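The chain contents come next:
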Amino acid sequence: MTAVAPRTAVRAGSGRRPQLAAFRALLERRTGRDLSAAPELHRLSVDEPDLFWRALLDWSGLAWEGVAEPVRTGADVRTARFFPGVCLNYAENLLRPLPGVDEGAPALTAVHAGRPAEVLTRAELRDAVERASAALAARGVRTGGRVAAVGANSAPVLVAALAVAALGATLATATPDMGVPTLLGRFGQLRPGTLLVDRRDLGGRGEAEAALAELTAQLPSLRLVLLLDDAPPPDLGPGVTVARLADDVAALPDPVRVPDWPRLPFDHPLWVMSTSGTTGPPKALVHGAGGALLEHVKEHRLHGDLTPADTLYFHTTTAWMMWNWQLSALAVGAHVVLYDGPVTGPDTLWALAARHGVTVLGTSPAYLQMCQDAGFRPRDAADLSRLRAVMSTGAVLHEWQFDWVRDAVGDVPLQSISGGTDIVGCFVLGHPELPVVRGRSQALSLGLDVAAVDEDGRPVLGREGELVCRNPFPSRPVGVLDDPDGERYERAYFAQHPGVWTHGDRVEVHPDGTARVLGRSDGVLNVDGVRIGPSEIYAVVRRIPGVVDAMALEQRDTRARGSSRLVLLVVLAPGLRLDEELAGRIRATLRREASPAHVPAVVLAVPEVPRTHNGKPSERAARDALDGRPAANLQSLRNPACLDAIRAAARAQEPAAPVPEGEGVEAVVARVFAEVLGRPVPDGVAFADLGGTSRQSMTLLRRLRQELGRPVEIADLAEASTVGALAALLTGRDGAEPDTRTLRDGDPAAPPLFLVHGAHGDLDSWHALVAELTVPGEVVGLVGPLARPDGSRFSVDELAARHVASVTARAPAGPVRLAGYSFGGVVALEVARRLTAAGRDVDFLGLFDCRPPYAELGRGRRLARKVAGALALVVPGLSDESVRTALADRRSAELPADRRVLRDSAALYEAFPLPDHAGPVTYFRIRRRVPVLAHQMAVWRRHLPDLRVVPVPGTHNDLLAGRYAATLGARVSAAIEGAGGGAGVTWPRRARRGTRRR
């Protein structure tokens, strides 16, 4: 892994060292130990927890009373309680005057879409919370009361939330667009007496009054509804008082008599937070004020180095624990920015950060990926001079995203933090003194004995395991609602590995203390590289009339090596049947209300989904049934007979139904749709709504080009995505296709870059890379038929001759730049040889992962290539083919058109004798490959004396995929710039003993 050094050990422009250094010095004085190495400090924090947590309480300067001994009531992870003699008030600690912090400095900025931001100083925020607490107290909100809040990430909600905490009541929050059923799922167990609600967007459909009436009717414990918006109060019937909180505050006598903000026991319930429900009904977790506050202050000050000089924005909603986490930044004197508007494009959050001087920006991998995919460069579009750190959480942060941030955002640490609602904090975080390692979190959370364990509970280093915490920590829940005997709490976190907290994530912990969280161990799906939470699917599907239950599964796709598909099991209401209309409606709803990635490739109706004896759905048993394997956990199932029904449904779905016959355009389009998707396609249903993936769309386009003999582009499928619409679009199109196609405009005075088609004769694979290239000239694709009208193939020499003519016609003078991938690489090489022989200057030739043809290999090297090919078939991710499909392609004459073309191109490739070429050549070699055997660079060097090798990410099959496009585009652009006489980039070349050049 590549380590990226931190900007400096001293905060830039601050003249001081990180706060962690001061805290470490305190511990060194108390212990006499050298804790300068980060692993030593973490080891002390878990080996001597009483010393660590007591020192943190003292050093933090929090306001509390009572006695700090004992620090813990024991060492049991489940039952130990912290600081039973300490009393404090959460709101007091967030709002009290702090030494050296200007009371007139901004404490809160609430940003809105379409209207001016609101700014409150620390003094103004404290005054607003005091007044709100007085109004709430006058309405009867007391210590021990339960309050639910529905509102956006706005100032009124934050003020009301802190007022509730100040009075010692317990709060649960949610967003207004969640819908009544989801809100009831969160608040039903809470049984609140008071509801704070902003009716804007309540219910998500503009039906605020009806939604509020339904919500209050289903919460019989409610006695008081306080509105946070400006609309008139509704009549909610007898027994429920309705008022506007702002009116109550305005009616307070002047001066306001602020009610007592009591200091309450360390574990006094502060928040009730709902889990995501990925593995079952959401749990209502009760979090204590002291544990949450102490953990947050530790994370903000020691791991994030947050100070009063910082401005924090974390993109969140009131339904996510990061909202609560950001509140606690007020306790360190930081300025907190809120935003309640939409993300309208890749620039939204960066523009917000620039406009409000954000120093620490919190976001998600999904947003970063959206920016990267859009080709957006924040450093070029916004003034991010105050930004010193970017935090990301909510999903796995991939290595290439670290590269993108460093290149497109700036030299700021990208800190991958991960924890959860369960602990209202983090297990892994950033570290102000350590370098960032691509793909990893910098450090384990201080005081938490985090480890990865195998199935037997043994700790493992450097490989994947179950994330556990082996010691008690303050921010564990103090309980679970409606769990009087603690059974749900025990089952959720302590049953799998008794004696330790099991979080439900997969993780790699490395010897240096860095870690990589790999996702949920109990069901999060990864379909063709896109992570999908089952709960996101269930939230949509279970609102569809007639769907009683559902289970989303990731299944290996036997038709595409290394890929997977999304299968959705649905349990329907009695009397309903899963027909194409209902399956299409399910897919269309998921695409519309979730995303195209959530659309299943297969929908199967089953009588019930497998469940364990405690009622937990068993995705593992269902996957085993789909794959035809015996269920590994059969004895733990309450309803094992349902597995036979799943197997039967899968078998019934597999046989291909009759597809349309005939040679007309619509018949061919319908047949190809059906064969690519593996089932007949009903009229009027879009390709994506049928579960079509991006990979399948590429196959579809290639099949249609070859069978119809006319051009079909990606834009065509986007414009006309149903069988009928696409057939109508193509019916009037003739088979003529230009030999060159402009892929990107550029400076006509600069040399163009010509990209040669691939083995299928198309340019589809190049689109993601083209979007990332920064070369000044235009980018032109070289295309044309691979075969004659009688079906016989053009040779590589014949293709090259045609492309030479096309290049000469398009650019009759000046330097020529060429590139090709795999099959297209050898064609590009022959084009370059012919152009050079004709006196043209080919100043750049890029070969993208071209393996030397068999014609160039002796017996020993041929054997090595065969071994490499065989290894690629069995090593996951190195090949698109399985062993079975590879053998079938070699033996069968009855192959789909696209696979026949690929097979014929491979035969031409392997028989082609490499020409000598004296000009400069850049070889872009994949990192993930079978070492030495696959590429045999010595063969290339025999023919290409001026060869340099540039390492690039990916495998042979996904080298040009979108997720690598930014990195690849930068390296290709740098190589071309170097060829043109610019500064360029010199890539290191490993010396090879015995290499001959001629």
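For the chain, the name recorded in an unreviewed UniProt entry is Acetoacetyl-CoA synthetase, with Geodermatophilus nigrescens as its organism. Database annotation for the chain, UniProt heading Cofactor (unreviewed entry): "pantetheine 4'-phosphate". Looking at the chain in UniProt, the text filed under Sequence similarities (unreviewed entry) is "Belongs to the ATP-dependent AMP-binding enzyme family."

**Q** When you look at the sheet that holds strand β3 (residues 86–88) in this model, what are you seeing that I'm missing?
**A** Sheet strands line up and pair through hydrogen bonds in the backbone, either parallel or antiparallel. Ordered in space as β2-β3-β11, the 3 strands form an open sheet in which the pairing is antiparallel. Whereas interior strands pair on both sides, the edge strands pair on one side only; in this sheet they are β2 (65–66) and β11 (264–265). Of the strand pairs in this sheet, β3 and β11 are connected by 2 bridges, and their pairing is antiparallel. When the sheet's bridge partners are listed, Leu88 is paired in β11 with Leu264.

**Q** So what exactly am I meant to see when it comes to the nonpolar core here?
**A** Note that soluble globular proteins tend to have their nonpolar side chains buried in a common cluster. Ranked by internal contacts, the top residues of the largest apolar core, which has 111 residues, are Phe83, Tyr90 and Trp501. Of the residues forming this core, the biggest block, 12 residues, is contributed by helix α6 (residues 155–167). With near-sequence residues (within four places) excluded, Phe83 lies in contact with Trp53, Arg54, Leu57, Ala68, Pro70, Val71, Phe266 and Leu294. Among the nonpolar cores identified, the runner-up in size contains 40 residues, and Val807, Leu845, Leu857 and Leu914 belong to it.

**Q** Hey, could you run me through the sheet that holds strand β14 (residues 311–314) in this one?
**A** Strand order across the open sheet formed by 7 strands is β5-β4-β15-β14-β16-β17-β18, with mixed pairing between neighbours. Two strands bound the open sheet, and with one partner strand each, they are β5 (118–121) and β18 (414–416). In this sheet, adjacent strand axes meet at a mean angle of 20° when their direction is disregarded. Sheet topology places strand β17 (residues 389–392) next to β18; 3 bridges connect them, and they run parallel. The residue of β18 that forms the bridge with Met391 is Gln415. The sheet contacts of α6 involve β4 (106–111), β5 and β15 (335–339), and relative to β4 the element is tilted by about 135°. Contacts from helix α12 (residues 348–355) reach β4, β14, β15 and β16 (360–363), with the element oriented near 145° to β15.

**Q** What should I look at first to understand the environment of Phe848 in this one?
**A** With respect to the helices and strands, Phe848 occurs in strand β38 (residues 842–848). Exposure remark for Phe848: the relative accessible area of 0% places this residue in the buried category. Contacts of Phe848, omitting those with residues within four sequence positions, involve Trp766, Leu769, Ala819, Gly820, Tyr821, Ser822, Phe924, Leu959, Leu960, Leu968 and Val972.

**Q** Help me understand the packing of aromatic side chains, please; the structure alone is not making it clear to me.
**A** What describes a pair of aromatic rings is the distance from one ring centre to the other and the angle between the planes of the rings. This model, assessed by the stated rule, comprises 22 aromatic pairs. Relative to Phe82, the ring of Trp53 has its centre 5.9 Å away and its plane inclined at 75°; by these criteria the two rings are edge-to-face. Here Trp53 is found in helix α3 (residues 49–60), whereas its partner Phe82 is found in the loop between β2 and β3, with 29 residues between them in sequence. Of the two residues examined, Trp53 and Phe82, each falls in the buried class. Relative to Phe924, the ring of Phe848 lies with its centre 4.6 Å away and its plane at 20°, an arrangement referred to as stacked. Taken together, the residues span a long stretch of sequence, with Phe848 in strand β38 and Phe924 in strand β39 (residues 921–926) at a distance of 76 residues. Side by side, Phe848 and Phe924 carry an identical accessibility label, which is buried. Geometry around Phe473 places Arg476 over its ring, the cationic atom sitting 6.0 Å from the centre. Directly above the aromatic system of Phe794 lies the positively charged group of Arg802, at a separation of 5.4 Å from the ring centroid.

**Q** What is the right way to look at the pattern of salt bridges in this model?
**A** When the charged atoms of two side chains with opposite charge come close together, those side chains can pair. One pass over the full model with this rule turns up 45 salt bridges. Glu48 is the salt-bridge partner of Arg33, the closest N and O atoms lying 3.1 Å from each other. Note that Arg33 is positioned in the loop between α1 (19–31) and α2 (38–47) and Glu48 in the loop between α2 and α3, a separation of 15 residues in sequence. Linking Glu508 and Arg516 is a salt bridge whose minimum nitrogen-to-oxygen distance equals 3.7 Å. The exposure classification of Glu508 matches that of Arg516, with both residues buried. The network of salt bridges with shared partners includes Glu399, Asp403, Arg438, Glu508 and Arg516.

What counts, and where the lines are drawn
- As a convention, each chain's residues are numbered from 1 in the sequence order in which they are written.
- Only residues with pLDDT of 70 or above have their local features reported here, since the model is predicted, and side-chain atom pairs are shown and tallied only from 80 upward, although totals for entire chains, interfaces and linings are computed over all residues.
- Side-chain numbers come from the whole structure's heavy atoms, not from hydrogens or water.
- UniProt positions are given in the numbering used here, feature names are shortened, and annotations may be inferred rather than shown by experiment.
- A pair of strands is labelled paired if DSSP reports no fewer than 2 bridges between them.
- Helix and strand definitions follow DSSP, with helices as H or I runs of at least four residues and strands as E runs of at least two, each counted in order from the N terminus.
- Throughout this description, the term nonpolar core refers to a set of buried Ala, Val, Leu, Ile, Met, Phe, Trp, Tyr and Cys residues connected via side-chain atoms within 4.5 Å.
- When accessible area is computed with a 1.4 Å probe and restricted to protein chains, residues below 20% of their type maximum are described as buried, those above 50% as exposed, and intermediate ones as partly exposed.
- What makes two residues a contact is simply this: any of their non-hydrogen atoms within 4.5 Å.
- Between N-to-C directions, angles span 0 to 180 degrees; the directions come from axes that are lines fitted to C-alpha atoms, helices contributing only their stretch in contact.
- Pairing of aromatic side chains requires ring centres within 6.5 Å, counting the rings of Phe and Tyr and the six-membered ring of Trp. Pairs whose planes differ by under 30 degrees are stacked, by over 60 edge-to-face, and all others tilted.
- Here, a charge over a ring is recorded when the distance from Lys NZ or Arg CZ to the ring centre is within 6 Å and its angle to the ring normal is within 35 degrees.
- Salt bridge criterion: a side-chain nitrogen from Lys or Arg within 4 Å of a carboxyl oxygen from Asp or Glu.

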